[in-house]
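Architecture at a glance
Listed below are the residues making up each chain.
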Amino acid sequence: MSKAIYDHSAIEAKWQKIWEEQKLYQVDPHSVNAKNKYYCLDMFPYPSGHGLHVGHWRGYVLSDFYARYQMLQGKTVLHPMGFDSFGLPAENAAIKYKSHPKKFTDEAIVTIRKQLEDIGASFDWSKYLSTCEPNFYKWTQWLFLQLFKHGLAEKRNALVNWCGQDQTVLANEQVVNGKCERCGSMVSKKELSQWFLKTTEFVDELIDDLDGLNWPERVKSLQRDWIGRSIGAKIIFKSDDLSIEVFTTRADTLFGVSALVLAPEHPLIEKLVTVEQKNAVEQYQQSVRSKTNVDRQQQKETSKTAVFTGSYAKVPLSNKEVPIWIADYVLMDYGTGAVMSVPAHDERDFQFAKIHQLEILEVINSNKTELPFVESGDLINSDKYNGQNSKVAASKIIEDLEKIGAGSATTNYRLRDWLVSRQRYWGAPIPIVYDPQGNAHAVKDEHLPLLLPKDVDFVPGGESPIARSRDFIELAEKLYGKGWHFETDTLDTFFDSSWYFFRFLSPTDENSALDTETIKNWLPVDLYIGGIEHATLHLLYARFITKFLAKYNYIDTHITEPFQQLYNIGSINLHGARMSKSKGNIVSPDLLVEHFGRDALRGYELFIGPMDVEAEWNNRGINGIHRFLIKLYQISANQIGEGRNFSEQFARYLTNINQMIPQFRLNTVISEAMKFVNSIKEEKIDKELFGKFIITLAPIFPFLCEEMWQNLGNTESVFKQNWPIADTSKEKTKITVLINQKFIAYCDDLGSEEETKQLAVELPEVKVKLAAKKISKVIYRSGKLINLILD
RNA sequence: GGGCGUGUGGCGGAAUGGUAUACGCGGUGGACUUAAAAUCCACUGCCGCAAGGCUUGUGGGUUCGAGUCCCACCUCGCCCACCA
């Protein structure tokens, strides 16, 4: 038998070129029947100067598997790729090297695009887009203006998150444990006038529509928790003529209130504080102000610092007088910034009351001796509500409060509006122009894109770099008149990525942002692949934008969700840590590709372990896949012909992988393929059967499979074929014979216990074990096993 | 503190309640080679010369049968965290 040489470099170069010439992956989205489409999308990358590592490959290989698999299922597959190319890293690099962010970005794009092509993924590059290009951000600006026109983009004063390192404000979602999500430095609070998008307008849909999505439960619950819906009541407490509003989820415990507690920043404090307490209160407020948010939150149970205002408030319905306190465990930016303290039935209030010697009155009956008792039960010490169940009592109390104008049922959310202004250069300018009186107006459509000015020193200085551009100042006056000026902040780059998946359907359309008809056919995305780190960032923003566009008919109103199925790929680690340039534990794919080939690396990325969990990289593991490919190639070159009938093995293989593929179990798909190949050994295999086998492997090993496919005499691409149909008709039913739980042999399943037992006891292996012993019991499971229990 | 995971050979990992350790890596021995690499073949959970016994974090339970289901505990990991 002659040795065929598996020359991966030659094979890969050959098919890469041919596929490109044939435009194998290019689709015309306008011509496709919606039923037969498959939109497969990767979270598009930021063009980092560090290039791709083997961890990045994993996601792209996975999405490419499904793109190609769906082609073989007869679907028209859209699998586009582009770059999320505005953002801080390029700008910071430019400052460091006294260059321009565009230059860094362009260079990185060239490198990464080359690396992406190396993967051999089925990207349709004709749909390419890059968010920093004017032909994209023109429409990003347009989108912002649509939000503005519908009153969903608004400039307002607010206490916002400020990153001193990056010299810009951040959205709530970009603050992680009090630190900047990008640079890790401490975030402080600043009162600033900023642009907000009203994500809270869609808050209920953002929670409720999660139910219909095929997303990992983990991500759904992260979003639910982030949005944080709590159903409860607003209750108004009177202190002389002042009204203090609190939010509570436990209106049933109203008769157990022993104090009102306000956040230190609460605006009513000034009016509430008595002369005697003035000094103490001001000192307390001062001490809180000097704490960072993290310090403030890290105290938790250990200490509940607080100060008394000297004033009292009346509890509605009971008319009890309770003291008004100030404590920093109450947060100004949640609810109303004030709470009613019920020590007997709330952990925090209990600690607070113990430290400051407040009354602890039980109003829910519990058998437990230990307080606080936070569950529901029947009311006690609550006047006419005594004996009622707390759930019932809560709604009754709210009803009664409503009658006297002292409260109402309400729902409170943790989600805040999305702050999108950034005081940095490398982003899309916010397309707003101010008249001489300072009123905001939309930049006219004919002036879009409002280009980023070039004459800018973009070293950050707390105000936006483009405010210092002469060109930008002059342009505003030229277009709009004397005294007019543009907004000088830029848009959060998450705004760019919140709509890019629509633009892939018409990336070069100069007349409109959205191709509504095509979007109607192609959205939602069928499979979206990326890391879990965007659970409450990008994925939330993209859902918001989609809901906005659907509500106002920019897209078909049925498309209320952007991503039907989401899959989170587990990270690839080295030495126990996620690969990153800063940790210095990067494995580059380039040498592996050269040595083992793209197919082998693709296969190993999938073989390394389950797709949704982290995996530890081991360079040597790729050997196994490479050997497998060599074996495969040998068979295709030398062992095709009349020989043993492998149709039974193949049927089993196909049945197994058909189950595994929808569950993303691609590591075991490869195992199954290896088993099948191992069973062939040196024997001949039927050409048609082997061809079917090649088709099933083509999504993983596209280059080699196309080569083998065409070497078998086929002239059309393997990706134009149909996925084989599993033939289960020939499968014989063999079942396991056990004696006292131990495996003994296989035997035919005759369908009934009696017949099968007769057959089983005649097997030589069974006869030996049985000897003179008596069978006391038979357990027969049709199609599975027969278990003979001996005395 | 709350939520969600996880625990199987030297390693990555496999196993609709039915032969635990598939598949691969690594290792050992052999073939080929002047030699090496590559490739191929055999063996490779643990104890034992063997027969045989033991083994899925620990302890219970359900079952003819448990890595898998139930209860309790331990380990490690991730996320959220004074959200009223």
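Because the structure is predicted, anything quoted here is derived from the model rather than measured. (Residues numbered from 1 in each chain as written. Chains lettered and ligands numbered in written order. Predicted model: local features only at pLDDT ≥ 70, side-chain atom pairs only at ≥ 80, totals over all residues. Heavy atoms only, no water.)

To continue, consider the sheet that holds strand S19 (residues 485-486). Taken in spatial order, the three strands of this open sheet run S18-S17-S19, and their pairing is antiparallel. The strands lining the two open edges of the sheet, one partner per strand, are strand S18 (440-442) and S19. (Pairing = 2+ DSSP bridges. Helix = DSSP H or I, 4+ residues; strand = E, 2+ residues; numbered from the N terminus.)

Turning our attention to unusual backbone geometry. In this chain, leucine 448 is followed by proline 449 through a cis amide linkage whose omega measures -5 degrees. Its place among the elements puts proline 449 in the loop between S18 and helix H13 (470-480). Non-glycine residue lysine 23 carries a positive phi angle of around 50 degrees. Its place among the elements puts lysine 23 in the loop between helix H1 (8-22) and strand S1 (37-42). The phi angle at glutamine 357 is positive, at roughly 50 degrees, despite the residue not being glycine. Along the polypeptide, glutamine 357 turns up in the loop between helix H11 (347-355) and helix H12 (390-403).

With that settled, the discussion passes to the pattern of salt bridges. For the structure on display, the rule yields 41 salt bridges. Taking the shortest distance from any N to any O, the salt bridge between lysine 114 and aspartate 118 comes out at 3.4 Å. Here the residue lysine 114 and the residue aspartate 118 both occupy positions in helix H4 (residues 101-119), the gap between them amounting to four residues, near one helical turn. For lysine 114, a relative accessible area of 48% corresponds to the partly exposed category. Between aspartate 492 and arginine 422 there is a salt bridge; the shortest N-O distance is 3.1 Å. Linking aspartate 492 in the loop between strand S20 (490-491) and helix H14 (493-496) with arginine 422 in strand S16 (residues 421-422), this pair joins segments that are 70 residues apart in sequence. When its relative accessible area of 7% is taken as the criterion, arginine 422 is described as buried. Through salt bridges that share partners, Lys384, Lys396, Glu399, Asp400 and Lys403 make up one connected network. (Salt bridge = Lys/Arg side-chain N within 4 Å of Asp/Glu carboxyl O. Buried < 20%, exposed > 50% of the residue type's maximum accessible area, 1.4 Å probe, protein only.)

Turning next to the nonpolar core. Leu62, Tyr66, Leu116, Trp617, Leu632 and Phe693 are the most contacted members of the largest nonpolar core, which has 92 residues in total. With eleven residues, the single largest contributor to this core is helix H2 (residues 54-72). Look past the residues within four positions of leucine 62 in its chain and what remains in contact with it is Ile529, Tyr567, Ile569, Leu606, Met611, Phe664 and Leu666. The next biggest cluster of nonpolar side chains, apart from the first, holds 89 residues, and it includes Phe44, Leu78, Phe501 and Ile559. (Core = buried A, V, L, I, M, F, W, Y, C linked by side-chain atoms within 4.5 Å. Contact = heavy atoms within 4.5 Å.)

This next bit is on the side chain of aspartate 400. Residue placement: aspartate 400 occurs in helix H12. A polar contact of 2.5 Å, which involves the side chain of aspartate 400, links it to the side chain of tyrosine 385. Dropping the residues within four chain positions of it, aspartate 400 is found in contact with Leu317, Lys384 and Tyr385. (Polar contact = N/O pair within 3.5 Å; in protein donor to acceptor, adjacent residues only side chain to side chain.)

The next subject is the pairing of strand S21 (residues 527-530). Alternating residues of S21 divide into Leu527 and Ile529 and Tyr528 and Gly530, and every residue in both groups is buried. As paired elements, S1 and S21 share three bridges and run parallel to each other. Considered in S21, the bridge of leucine 41 is made with tyrosine 528. As judged from the three bridges shared by S21 and strand S22 (residues 566-568), these two strands associate in the parallel manner.

Across chain A, the average pLDDT comes to 90, with 97% of residues at or above 70. Taken together, the chains of this predicted complex give a pTM of 0.93 and an interface ipTM of 0.94. (pLDDT = per-residue confidence, 0-100.)

Quick look at the environment of arginine 58 now. Following the sequence through the fold, arginine 58 ends up in helix H2. Distance from arginine 58 to serine 571, taken between C-alpha atoms, is 8.3 Å for residues 513 residues apart in sequence. Excluding residues that lie within four positions of it along the chain, arginine 58 makes contacts with Ile569, Gly570, Ser571, Ile572, Glu605, Ile608, Gly609, Pro610, Met611, Val613 and Ala615. A polar atom in the side chain of arginine 58 sits 3.1 Å from the backbone oxygen of valine 613.

Enumeration over the complete set of coordinates arrives at 56 aromatic pairs. Look at phenylalanine 255 and tyrosine 385: their rings are 5.7 Å apart centre to centre, the planes differ by 55 degrees, and that puts the pair in the tilted class. Highlighted residues: phenylalanine 255 in the loop between strand S9 (242-248) and strand S10 (259-262) and tyrosine 385 in the loop between H11 and H12, separated in sequence by 130 residues. For the pair phenylalanine 255 and tyrosine 385, one class covers both residues: buried. Aromatic ring contacts, followed pair by pair, group Phe144, Phe148, Trp195, Phe202, Trp418, Phe494, Phe495, Tyr541 and Phe544 into a single cluster. Taking NZ or CZ as reference, lysine 103 lies 5.8 Å from the ring centre of phenylalanine 104, over its face. Directly above the aromatic system of tryptophan 162 lies the positively charged group of lysine 190, at a separation of 4.0 Å from the ring centroid. (Phe/Tyr/Trp six-rings, centres within 6.5 Å; stacked < 30°, edge-to-face > 60°. Lys NZ or Arg CZ within 6 Å of the ring centre and 35° of its normal.)

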